[in-house]
Amino acid sequence: MCRVLLSAILILKQSPPKVYPEFVPQIGAGYGRYTLREADFWTCGFFPGTLYSLLERLSRYPHAIPFVRGTQIDGLQGLELSQENLLSLCRTWAEPLHSMTGRTDTHDLGFIVQPALQLDWELTGNRRSLNSLITAANSLATRYDEKVRAIRSWDLINKKDLKIISMDENFIVIIDSLCNLDLLFFASTHSDSDRLALIAKRHAKTLLHTHLRPESSSAPSRSKYQGQLYSTCHVANIDPRTGQVKGRMTAQGYANDSTWSRGQAWAILGYAQTYNWTKDKTFLDAACGLAEYFLQRLGSHHEVPWDFDAPVEDPEHLVMDSSAGAIAANGMLIISEALAMTQQPILSKSFQNYALRLVKNLLTYSLAEEKARFAIASRQRGTGNMDELIVEDVIPGRYFDAVLKNATANNNVGANRRYWNHGLVYADYYLMRFGNELLRMNIDREAQD
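Residues numbered from 1 in each chain as written. Predicted model: local features only at pLDDT ≥ 70, side-chain atom pairs only at ≥ 80, totals over all residues. Heavy atoms only, no water.

Asks: Account for the overall build of the protein chain, with residues named and values stated.
Replies: Each helix and strand in the protein chain was counted, giving 12 helices and 17 strands. Here the C-alpha radius of gyration of the protein chain, 22 Å, is about what a compact globule of 449 residues would show, namely 22 Å. Projecting the C-alpha coordinates of the protein chain onto the three principal axes gives extents of approximately 75 × 45 × 45 Å. Per-residue burial for the protein chain yields a buried fraction of 58% across its 449 residues. For the protein chain, long-range pairs separated by at least 24 residues make up 69% of all intrachain contacts whose partners lie at least 6 apart in sequence. Accessible area of the protein chain: about 19300 Å², with a carbon and sulfur share of 49%. Each charge class in the protein chain was averaged separately, 47 positive and 48 negative side chains, and the resulting centres sit 1 Å apart. (Helix = DSSP H or I, 4+ residues; strand = E, 2+ residues; numbered from the N terminus. Rg over C-alpha atoms; globule rule 2.2 N^0.38 Å. Buried < 20%, exposed > 50% of the residue type's maximum accessible area, 1.4 Å probe, protein only. Contact = heavy atoms within 4.5 Å. Areas by Shrake-Rupley, 256 points an atom, 1.4 Å probe, with all protein chains shown as cover. Lys, Arg positive; Asp, Glu negative; His and termini not counted. Charge placed at Lys NZ, Arg CZ, Asp CG, Glu CD.)

If you want it as structure tokens, here you go:
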């Protein structure tokens, strides 16, 4: 986590920031350093969300931060990792997000504003952040269509091999959209707007039919779940005049009929979250069926492939997606808690064990080896010297800005840009969230399968 703080400080050459971290190349030009994207790109909320997750851990679970004893940094007497200073850094990175809450040109408002601003509200009671979340939810709701009974994800598709440009004849919905519903449910409970929750629930029900593909399996259940299994398509194109599906395809997976692993993970997490809000068993069954299919396709592999159906040309250099593993693990942890609450302890424990196993494998095979540490530097101030807390590379010159490696943003052959084998900002965010959820649930870090 030292590296995250270092990146936050080094990148921030202007206040507020105008660019945000997206990915970290593992090879070639830019190796080890964050590649930055414009502030309105859909991933902009994850880096400030990671910082706020650090703040949450420091304020709620300081015992779980290995380099902190109370608030004093171990081995650096007299210097502290101040909650006040960290909050200031968090709010600097979150500031541009408030101005994005009125956007109606994107379905990604949940990803953009919720990781940081919800924690700002919950940890500090900052009503400005709560108001921004509610504004963003209402902006997202403007993309809902009653005939389709869904929220439009993309206005168009403009790939090398696929162009869909007429909004009058096409209504594009992607599987990722399920994870933006959490914003609508949250805002609904904090604004007494039943309409926001109704839109979210209708969207989730629509995707049960447009994006989930029933699957059969003769293999024994890995999680002990015995219900219907589901794979997912990435994109569904719906006729806005009739509400009928015109076609199913992919924009980031291997093929239209393949199972893109991160898309499957988005669905697991999205339906688990939706069940938490609605307590509609249909959504819990969907989440379980999606998770069991994910586990069956993963098989005995330790690392998650970028697409479960992509050919493996070189087993020694498998194209992986650590972000899919982190997202799926969060979903399975929510499933586990939901099953425990519905008096299904055996199934609950099974999903919890698989969530833990996924993250253990991430830490074993994808955790960046390049380490950073806190240190003391003396700076001359006026007539004397003052000790300052800094972050430095453990081995000088060996650095990697992200926590996890082996992620894949987009490896689709028709993509305008293909890039894989890198650190990815939302892989780190969901890893951090998983750790905080374990602490909230008081799950022992040594829990075994």
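Text resumes after the structure shown.
Asks: Residue-level account of the sheet that holds strand β1 (residues 19-25), with values.
Replies: Within a beta sheet, neighbouring strands are joined by backbone hydrogen bonds and run either parallel or antiparallel to one another. With antiparallel pairing, the four strands of this open sheet are ordered in space as β2-β1-β17-β16. Looking at which strands have only one partner, the edges of the open sheet turn out to be β2 (35-38) and β16 (407-410). Geometrically, the sheet is characterised by an average inter-axis angle of 50° between neighbouring strands, direction not taken into account. In this sheet, β2 lies alongside β1 in antiparallel orientation, the contact comprising four bridges. Paired with P21 across the bridge in β2 is L36. In the packing of helix α12 (residues 425-441) onto the sheet, the strands contacted are β1, β16 and β17 (419-424), and the crossing angle to β17 comes to about 40°. (Pairing = 2+ DSSP bridges. Axes fitted to C-alpha atoms, helices over the stretch in contact; angles between N-to-C directions.)

Asks: Before we move on, could you go through the packing of aromatic side chains and cite the residues and values that matter?
Replies: This structure, assessed with the given rule, holds 20 aromatic pairs. Relative to W42, the ring of F41 lies with its centre 6.5 Å away and its plane at 55°, an arrangement referred to as tilted. Both rings, one in F47 and one in W93, keep their centres 4.9 Å apart while their planes meet at 65°; by these two values the pair is edge-to-face. Here F47 is found in helix α2 (residues 46-60), whereas its partner W93 is found in helix α3 (residues 83-98), with 46 residues between them in sequence. Relative accessible area serves as the criterion here: at 3%, F47 is assigned to the buried category. Sitting over the face of the ring of Y399, R33 holds its NZ or CZ atom 3.6 Å from the ring centroid. Directly above the aromatic system of F41 lies the positively charged group of R37, at a separation of 3.6 Å from the ring centroid. (Phe/Tyr/Trp six-rings, centres within 6.5 Å; stacked < 30°, edge-to-face > 60°. Lys NZ or Arg CZ within 6 Å of the ring centre and 35° of its normal.)

Asks: Tell me what's going on with unusual backbone geometry, and back it up with residues and numbers.
Replies: With a phi close to 65°, N406 is a non-glycine residue in the positive phi region. Residue placement: N406 occurs in the loop between β15 (384-393) and β16. A residue is classified by how much of its surface remains accessible, and N406, at 10% relative accessible area, is buried. At N421, a position not held by glycine, the phi torsion is positive, near 55°. Assignment of secondary structure puts N421 in strand β17. Judged by its relative accessible area of 25%, N421 is partly exposed.

Asks: Give a detailed account of the pattern of salt bridges, specifying residues and quantitative values.
Replies: This model, assessed by the stated rule, comprises 22 salt bridges. Between E146 and R202 there is a salt bridge; the shortest N-O distance is 3.0 Å. Residue E146 is located in the loop between β5 (144-145) and β6 (150-151), and its partner R202 is located in helix α7 (residues 194-210); the two are separated by 56 residues in the primary sequence. Residue E146 is classed as partly exposed on the basis of its relative accessible area of 41%. R433 is paired through a salt bridge with E437; the nearest N and O atoms lie 3.5 Å apart. Here the residue R433 and the residue E437 both occupy positions in helix α12, the gap between them amounting to four residues, near one helical turn. Among the residues examined, R433 registers a relative accessible area of 12% and is labelled buried. (Salt bridge = Lys/Arg side-chain N within 4 Å of Asp/Glu carboxyl O.)

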